[in-house]
Amino acid sequence: MWISVRRIIIYVLIIICLFFMLPILFTKSFSIEKKESVKVSSEESNEEPQEKYNYGDFSTIRLLHTKTNTVEEVNLDDYLVNVVSAEMPVDYEMEALKAQAVVARTYTIYKIIHSGKHENADICDSSLCCQAWISKEDRLAKWGENSEEKWNKIAKAVSDTKGTVITYNGEPINAFFHSNSGGLTEIPLNVWGGSGYPYLQVVETAGEDEYSQGNSEAVLSKADLEQKMKDKYGNFQINWGEESPISILELTESNRVRTLKVGNVNISGVEARQIFSLRSANFTVEIVGDSVKFSVKGYGHGVGLSQTGSNTLAKDGMAFEDIIKHFYVGVEVINY
Ligand SMILES: [Zn+2]
């Protein structure tokens, strides 16, 4: 009798253990072993692997269409063609497009692993929230001429890099990217206040000036600037007669504006970018008559890969793996 009770207790304990273990076993995880298992099987069979892209859980993603608030299940690589066609000009070099494809793939997988932004979806179609996506129909219509040819170029960049992701310490990275760095990329701490991404450093890239995104100006009337500041800060005051009513107090590690004094208020460069609709936080400011002129370098937050910088490096003959390693310090570009 005593033995059978003990057995029952042991069985119950085993069932309880399994109950807690099963969800862990089935939780989405990204393991380096997947690569090795694919490699072994292809070597054993001496053939091209049937399905090189062996992500299991990552092969299909749940995409939120923000306009209709509907969630669509799509194949990851099909999705990436739409993303790359929305994020990068099709006339960019093939190696730049491949770098963008790998970055977008890695960014997506990172989102799936570290989910949280969207309740019933892995990622959404908005560049302001996740990353841009455009339907093939809309994309072809916008391109007009030779649109199928252009679509095929992007599809090739995605398929040629199938299964390739960027990792740091064996984990997919948070692959931030932007349009134009203005010459130096930024660390995330200075943009969002977050840290813990050792691969996101200040990196220098030549040739950023040559693009239309490299330099821009924003001119506001003094009255307009005052109104925009008052909308945000009720106590805002400015005396245009004093020596420096607007002045840059401090720069970040990448020479972007860290602190801008506007009248009696100090704001960050990132905030100035939002309030005055500047293309980046890398700017100088001068007062010209009744206007305030911001001269801006670069386009975007400046963290991670620069798209125009990638195109320049590709024109110089750099392969997509090296372009990626230029912008993300100490990473590996791995084909699974
Ligand atoms: Zn989103």
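Residues numbered from 1 in each chain as written. Predicted model: local features only at pLDDT ≥ 70, side-chain atom pairs only at ≥ 80, totals over all residues.

In this section: the packing of helix H4 (residues 94-113) against helix H10 (residues 307-315). At a minimum axis separation of 7 Å, H4 and H10 run at an interaxial angle of 140 degrees. Taken together, the axis directions place H4 and H10 in an arrangement best described as oblique. You can see that H4 and H10 cross each other, and the crossing is right-handed. Here H4 contributes Glu95, Ala96, Ala99 and Gln100 to the contact with H10, which in turn contributes Gln307, Ser310, Asn311 and Ala314. A per-class count over the contact of H4 with H10 returns three nonpolar, four polar and one charged. (Axes fitted to C-alpha atoms, helices over the stretch in contact; angles between N-to-C directions. Helix = DSSP H or I, 4+ residues; strand = E, 2+ residues; numbered from the N terminus. Parallel < 35°, antiparallel > 145°, perpendicular 65-115°, else oblique. Left-handed = near helix turned anticlockwise from the far one by under 90°. Contact = placed C-beta atoms within 7 Å. Nonpolar A, V, L, I, M, F, W, Y, C, P; charged D, E, K, R; others polar.)

Attention now moves to the nonpolar core. Counting 66 residues, the largest nonpolar core has Leu80, Val84, Val102, Val103, Ile166 and Ile324 as the members making the most contacts within it. No other element matches H4, which puts ten residues into this core. Counting only domains with at least three residues in this core, you end up with domain 1 (51-209 + 302-335) and domain 2 (215-297). Excluding its chain neighbours within four sequence positions, the residues that come into contact with valine 84 are Leu97, Gln100, Ala101, Ala104, Ile154, Ala157 and Val158. (Core = buried A, V, L, I, M, F, W, Y, C linked by C-beta atoms within 7 Å. Buried ≥ 20, exposed ≤ 12 C-beta atoms within 10 Å, placed from the backbone. Domains from an automatic or database assignment.)

As a further point, take the sheet that holds strand S10 (residues 265-268). One open sheet accounts for three strands, arranged S8-S9-S10; its pairing is antiparallel. The sheet is open, and its two edges are formed by strand S8 (246-251) and S10, each paired on a single side. In this sheet, adjacent strand axes meet at a mean angle of 25 degrees when their direction is disregarded. In this structure, strand S9 (residues 257-262) lies alongside S10, joined through four bridges in antiparallel fashion. By the bridge assignment for S10, threonine 259 is matched with serine 268. (Pairing = 2+ DSSP bridges.)

Now for the pairing of S9. The sheet contact formed by S8 and S9 spans five bridges and is antiparallel. Within the sheet, the bridge partner assigned to isoleucine 248 lies in S9 and is leucine 260. Linkage of S8 to S9, two consecutive antiparallel strands, is achieved through a turn of five residues, within which asparagine 255 is found at a positive phi near 70 degrees. Hairpin connection of S9 to S10: two residues between the antiparallel strands, including glycine 263 at a positive phi of 60 degrees.

Below, the discussion takes up the packing of H4 against helix H11 (residues 320-327). At a minimum axis separation of 8 Å, H4 and H11 run at an interaxial angle of 60 degrees. When the interaxial angle is binned, H4 and H11 end up oblique. Remark: the crossing between H4 and H11 carries right-handed chirality. The segment H4 lies against H11, with Glu95, Ala96, Lys98, Ala99, Val102 and Val103 engaging Phe320, Ile323 and Ile324. When its residues are assigned to classes, the contact of H4 with H11 shows seven nonpolar, no polar and two charged.

Reading across the sheet, the three strands line up as S5-S4-S14 and stay open at both edges, with antiparallel pairing between neighbours. Edge positions in the open sheet fall to strand S5 (171-172) and strand S14 (332-335), since each of these has one partner strand only. Bridging between strand S4 (residues 164-168) and S14 involves four bridges; their strand directions are antiparallel. Within S14, the position partnered with isoleucine 166 by the bridge is valine 333. Most of the contacts of H4 go to S4, to which it runs at about 60 degrees, and overall it touches S4, S5 and S14.

It is worth spelling out H11 at this point. Count 3.6 residues to each turn of an α-helix, and residues three or four apart come out pointing the same way. Every buried residue belonging to H11 is among Phe320, Glu321, Ile323, Ile324 and Phe327, and all of these are buried. The buried residues of H11 all sit within an arc of 165 degrees when viewed along its axis, so they share a single face. Against H4, S4, strand S13 (305-306), H10 and S14 lie the buried residues of H11. (Arc of directions from axis to C-beta.)

It is worth spelling out helix H6 (residues 147-160) at this point. Here H6 spans 20 Å end to end across 14 residues, near enough to the 20 Å set by a 1.5 Å rise per residue. Those residues of H6 that sit buried are Ile154, Ala157 and Val158. On an axial view of H6, the arc spanned by its buried residues comes to 100 degrees, and they lie on one face. Opposite the packed face of H6, turned more than 90 degrees from it, sit the exposed residues Glu148 and Glu149. Looking at the buried side of H6, the elements it contacts are helix H3 (76-87) and H4. (Expected span 1.5 Å × (residues − 1).)

Right, let's talk about the environment of tyrosine 168 for a bit. Mapped onto the elements of the fold, tyrosine 168 is located in strand S4. Sequence separation between tyrosine 168 and valine 333 is 165 residues, and the spatial gap between their C-alpha atoms is 9.0 Å. Apart from residues lying up to four places away in sequence, tyrosine 168 is in contact with Ile173, Tyr199, Gly330 and Val331.

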